[in-house]
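Descriptive analysis of the structure
The residues making up each chain are set out below.
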Amino acid sequence: MKIGVLGAGQLGRMLALSAYPLGHQMSFLALSEEDPSSLLGKTFIHNNDPEVVKKFASHSDVITYESENTDINIVNEINNMTSVYPNERSLFISQHRIREKELLNKLGIPCAPYEIVNSLVDLEVAVKNIGVPSILKTTIDGYDGKGQFLITSESQINQAWKVLSGKPSVLEGYINFKRELSLIAVRGIDSDIKFYPLVENSHHEGILRLTIAPARNVSDSIQNKAEDYMKSILTEIEHVGVLTIELFETDNDLVVNEIAPRVHNSGHWTIEGAKTSQFENHIRAITKSPLGQTNCINKYSAMINIIGTHGAIEKILKTKNTHLHLYNKKERKDRKLGHVTITADSIKDLDSSIETLKDFLP
Ligand code: AMP
């Protein structure tokens, strides 16, 4: 099939790399010829030109997107011309923190307490009600910890409002979590669902650094609970494709932070670590094909992001049981340039490889 991707970043690139062996062709609606996916298929440069969007859509049998921040007006436009998966509802909900929380509340899934904030006065009231610490987050367009302010004292209210430029926001109660987990699953057009195991994520300055898969010491009841949450979200929004839930694990519960209607950075390990990668399963789902197995191949896998600068590439390539993925991006502060996957038969071997690689990475 001819698959179009709205966006042409590293996620589009890895989707393409898994789509070609299945005989598909790829095209991208890109911002520039330099985008990471642009050499992997026909590239339509967007430039806000509706004619280009139409050409892109008429060139594709099915269209997907690589970000929840995708312009929903474009999806509306092309929906009349070709199928878009995940459907518009998945995008509509997940690109807006309040809609996302309303969905979670409706389904009885725990999330942080929150208040809607549209003015400085709203923020003052919200801080009184929720207390500190709490986090002010813009309603839309937040990613990698951007568009957020941690309020630890009432004296920071003015500053928080200024830093977020007075944009519509939510104030969330701070969750005292033990660790951050995520669950990735895929749902086919025939409603079949497959789950990957819960994974464990460490962030630095809001950006994912390290994922360990499967997460250590996860009881069946925690995995089942996360899968139940996932299943009810996927079913409610009739999602088709991969969906990710980011979770906080507290002493005795799981609290959902946010959902992403797409392949996710915490699932990159599946390329070498699972029988079918998240990318291939997304492609299978949107092309009405049977879903692939999601079991782990190795006892443990880890994914380390390469951020800002490339590090000692030669040394990474010489490290055993590691796989390097570069996205063809120029070095820039805080930019995700690639990732390394490590596979191991024991947590001890995994830890030691992670330690070795840390010396080679920025
Ligand atoms: P987000 O953009 O919502 O994924 O938030 C980025 C990071 O901020 C998360 O990965 C957490 O480490 C932290 N964070 C976000 N919301 C909360 C919260 N309500 N309580 C505690 N930490 C949070």
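Residues numbered from 1 in each chain as written. Predicted model: local features only at pLDDT ≥ 70, side-chain atom pairs only at ≥ 80, totals over all residues. Heavy atoms only, no water.

Glancing now at the site of the ligand. Taken together, 16 residues sit near the ligand, with K137, Q148, E172, I175 and E180 positioned nearest. A distance of 2.9 Å is found between a nitrogen atom of the ligand and a side-chain nitrogen or oxygen belonging to E172. One of the side-chain N or O atoms of N257 is found 3.1 Å from an oxygen atom in the ligand. Summarising the interface, the protein chains cover 90% of the accessible area of the ligand, which totals 480 Å² for the free molecule. Counting only elements with at least two residues in the shell around the ligand, the list comes to β7 (134-138), β9 (169-173), β14 (241-249) and β15 (254-260). Taken together, the residues of the shell around the ligand break down into five nonpolar, five polar and six charged. Counting residues domain by domain, the shell around the ligand receives three or more from each of domain 2 (113-173) and domain 3 (179-360). (Near = heavy atom within 4 Å. Polar contact = N/O pair within 3.5 Å; in protein donor to acceptor, adjacent residues only side chain to side chain. Areas by Shrake-Rupley, 256 points an atom, 1.4 Å probe, with all protein chains shown as cover. Helix = DSSP H or I, 4+ residues; strand = E, 2+ residues; numbered from the N terminus. Nonpolar A, V, L, I, M, F, W, Y, C, P; charged D, E, K, R; others polar. Domains from an automatic or database assignment.)

We now examine the side chain of T43. Examined against the element boundaries, T43 turns out to sit in strand β3 (residues 42-45). Polar contacts involving the side chain of T43 include one to the main-chain carbonyl oxygen of S38, which spans 3.0 Å.

With respect to topology, five strands assemble into an open sheet ordered β3-β2-β1-β4-β5, the strand pairing being parallel. Each edge of the open sheet is held by one strand with a lone partner, namely β3 and β5 (83-84). Relative to strand β4 (residues 62-65), strand β1 (residues 2-6) runs parallel, the two sharing four bridges. Counterpart to L6 in the pairing with β4 is Y65. Each of β1, β2 (25-30), β3 and β4 is contacted by helix α2 (residues 50-58), which is oriented at about 165° to β2, the strand it contacts most. (Pairing = 2+ DSSP bridges. Contact = heavy atoms within 4.5 Å. Axes fitted to C-alpha atoms, helices over the stretch in contact; angles between N-to-C directions.)

Before going further, it helps to examine the domain arrangement of the chain. The assigned domain composition of the chain is domain 1 (2-84), domain 2 (113-173) and domain 3 (179-360). Relative placement of domain 1 and domain 3: their C-alpha centres are 23 Å apart. Listed as interface residues are 19 residues of domain 1 and, on the opposing side, 21 residues of domain 3. Surface buried jointly by domain 1 and domain 3 totals about 1,700 Å² across both partners, of which 67% is contributed by carbon and sulfur atoms. Here K330 ties to E34 by a salt bridge, and the two come within 3.1 Å at their closest N and O atoms. Inspection of the region where domain 1 meets domain 3 yields six residue pairs in polar contact (both at pLDDT 80 or more). Contributing elements (two or more residues each) for the side of domain 1 that touches domain 3: α1 (10-19) and β4. Considering each element in turn, the side of domain 1 that touches domain 3 owes the most residues, seven residues, to α1. (Buried area = accessible area lost by both parts, 1.4 Å probe. Salt bridge = Lys/Arg side-chain N within 4 Å of Asp/Glu carboxyl O.)

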